[in-house]
Amino acid sequence: MCTNESQLKHPWWHNLKYTLVGIIFGITFVKAEIISWYRIQEMFQLTSFHMYGVIGTAVVVGAISVFFIKKTRAKTIYGEPITLDDKKFNKGQIFGGLIFGLGWAITGACPGPLYAQIGAGFGVVFVTLLSAILGTWVYGYFREKLPH
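None of the values given here were measured: they were computed from a predicted structure.

Novice: Would you take a moment to explain a nonpolar patch on the surface for this structure?
Specialist: Where nonpolar side chains cluster on the molecular surface, the patch consists of Leu134, Trp137, Val138, Tyr139, Tyr141, Phe142 and Leu146 and spans about 720 Å² of accessible area. Within the secondary structure, Phe142 sits in helix α6 (residues 125-142). Phe142 sits in the partly exposed class, given a relative accessible area of 38%.

Written out as structure tokens, the structure is:
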């Protein structure tokens, strides 16, 4: 299922680099006001460009990154090849996107900033985190029975 899963085994402390990157990413989210419930509501009410600018920048950076990974046949830092498989579109992506957007609008959080919101002291977001974990578990449980 995961085409780029590493076959290498590393000691547990190799994962600390991901923790450091996550902390830096979280600080960036806080400083850019991406975790602000008010900014998210402005986005859904179409009253501010702030979040659209952030999301648009992320899309452009991601597209350029994928282009260069494909063009240069980049490898991981451990020398393993990176493969990018073509994705097939299906109508479930539309339904999933609508459910995701509805949840985002109601809670003021998407999965990325959840941890930054908790780290910034918004304890009520634990309910959203637990709901996201439950939703992921339910999807995983029914995945084989769903039309993909």
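Novice: Explain helix α5 (residues 111-119) here, please?
Specialist: Those residues of α5 lying buried are Pro113, Leu114, Ala116, Gln117 and Ile118. The inward-facing, buried residues of α5 contact α1 (16-31) and α6. Immediately downstream of α5, the backbone of Gly121 shows phi near 100°, a positive value.

Novice: It is not clear to me how unusual backbone geometry should be interpreted in this structure. Could you clarify?
Specialist: Most peptide bonds are trans, and most residues other than glycine sit at a negative phi. The phi dihedral of Glu33 is positive, around 65°, even though this residue is not glycine. You can see Glu33 is positioned in the loop between α1 and α2 (37-44). The exposure class assigned to Glu33 is partly exposed, which follows from its relative accessible area of 36%.

Novice: Sorry if this is basic, but what is going on with the packing of aromatic side chains here?
Specialist: Given two aromatic rings, their pairing is described by the distance between the two centres and the angle made by the two planes. All chains considered together, the criterion is met by seven aromatic pairs. Centroid distance Phe44 to Trp104: 5.4 Å. Interplanar angle 90°. Geometry classified as edge-to-face. Placement of the pair is Phe44 in helix α2 and Trp104 in helix α4 (residues 91-107), with a sequence separation of 60 residues. The class for Trp104 is buried, based on a relative accessible area of 15%. Pairing Phe67 with Phe68 gives two aromatic rings, centres 5.4 Å apart and planes at 70°, and the pair type is edge-to-face. By relative accessible area, Phe67 is classed as partly exposed at 48%. Taken together, Phe44, Phe100 and Trp104 form an aromatic cluster joined through their ring pairs. The ring of Tyr141 carries the charged tip of Lys145 above its face, separated from the ring centre by 5.7 Å.

Novice: Before we go on, may I ask you to explain the nonpolar core in this structure?
Specialist: The tendency in soluble globular proteins is for nonpolar side chains to be buried as a group. Counting nine residues, the largest nonpolar core is built from Phe29, Ile34, Ile35, Ile40, Met43, Met51, Trp104, Cys110 and Ala116. In this structure, Ala116 is in contact with Gly26, Phe29, Val30 and Ile35, ignoring residues within four places of it in sequence. Counting five residues, the second largest nonpolar core, distinct from the first, contains Leu114, Ile118, Val125 and Leu129.

Novice: How should the packing of α1 against α5 be read in this particular structure?
Specialist: When two helices pack together, their arrangement is captured by the angle between the axes and the distance separating the axes. At a minimum axis distance of 9 Å, the contact between α1 and α5 shows a crossing angle of 85°. Put simply, α1 runs roughly perpendicular to α5. Contacts between α1 and α5 involve Gly26, Phe29 and Val30 on the former and, on the latter, Gly112, Pro113 and Ala116.

Novice: Would you explain the layout of surface pockets in this entry?
Specialist: Considering only enclosed or pocket space, the second largest pocket measures out at about 260 Å³ in volume. As for the second largest pocket, its lining consists of 13 residues, of which Phe100, Gly103, Ala109, Pro111 and Ala132 are closest to the centre. The set of elements that each furnish at least two residues to the lining of the second largest pocket consists of α4, α5 and α6. Each residue belonging to the lining of the second largest pocket can be placed in one class, and the counts come to eight nonpolar, five polar and no charged.

Novice: Teacher, can you tell me more about the environment of Ile99 here?
Specialist: Structurally, the position occupied by Ile99 is in helix α4. Residues Ile99 and Thr57, 42 residues apart in the sequence, show an inter-C-alpha distance of 24 Å.

Criteria and thresholds
- Residue positions are counted from 1 within each chain, in the order its sequence is given.
- Local features are withheld for residues below a pLDDT of 70 in this predicted model, meaning they are given only at 70 or higher, and side-chain atom pairs are given and counted only at 80 or more; totals for whole chains, interfaces and linings count all residues.
- The basis for every side-chain value is the complete set of heavy atoms in the structure, and neither hydrogens nor water enter the calculation.
- Patch building starts from residues that exceed 30% relative accessible area and form no salt bridge, then joins like charges within 9 Å and nonpolar side chains (Val, Leu, Ile, Met, Phe, Trp, Tyr) within 5 Å.
- Residue-level accessible areas treat just the shown protein chains as cover; the underlying method is Shrake-Rupley with a 1.4 Å probe.
- We define a salt bridge as a contact between a side-chain nitrogen of Lys or Arg and a carboxyl oxygen of Asp or Glu at a distance within 4 Å.
- Runs of E in the DSSP output that reach at least two residues are strands. Runs of H or I that reach at least four are helices, and both are numbered from the N terminus.
- Accessible area is worked out with a 1.4 Å probe on protein chains only. A residue is then buried under 20% of its type maximum, exposed over 50%, and partly exposed in between.
- Residue contacts follow a heavy-atom distance rule, with two residues in contact if any of their heavy atoms lie within 4.5 Å.
- The pairing test for Phe, Tyr and Trp rings, Trp by its six-membered ring, is centres within 6.5 Å, and the orientation test on the planes gives stacked under 30 degrees, edge-to-face over 60, and tilted for anything in between.
- Consider the ring centre and the ring normal. A charge sits over the ring if Lys NZ or Arg CZ is within 6 Å of that centre and within 35 degrees of that normal.
- We call a set of buried residues a nonpolar core when its members are Ala, Val, Leu, Ile, Met, Phe, Trp, Tyr or Cys and they connect through side-chain atoms within 4.5 Å of each other.
- A fitted line through C-alpha atoms represents every axis, and for helices the fit uses only the stretch in contact; the resulting angles, taken between N-to-C directions, go from 0 to 180 degrees.
- Put simply, angles under 35 degrees are roughly parallel, angles over 145 are roughly antiparallel, angles from 65 to 115 are roughly perpendicular, and the rest are oblique.
- Here a cavity is any set of points on a 1 Å grid over the protein atoms alone where a 1.4 Å probe fits but cannot get out, and a pocket is any open set with protein on both sides within 12 Å along at least 5 of 7 lines; a residue lines the site when it has an atom within 4 Å of a point.
- Grid points are joined across faces, edges and corners, and a volume is the space filled by probe spheres set on the points.
- All residues other than Ala, Val, Leu, Ile, Met, Phe, Trp, Tyr, Cys, Pro, Asp, Glu, Lys and Arg, Gly among them, are scored as polar; the first ten of these are nonpolar and the last four charged.

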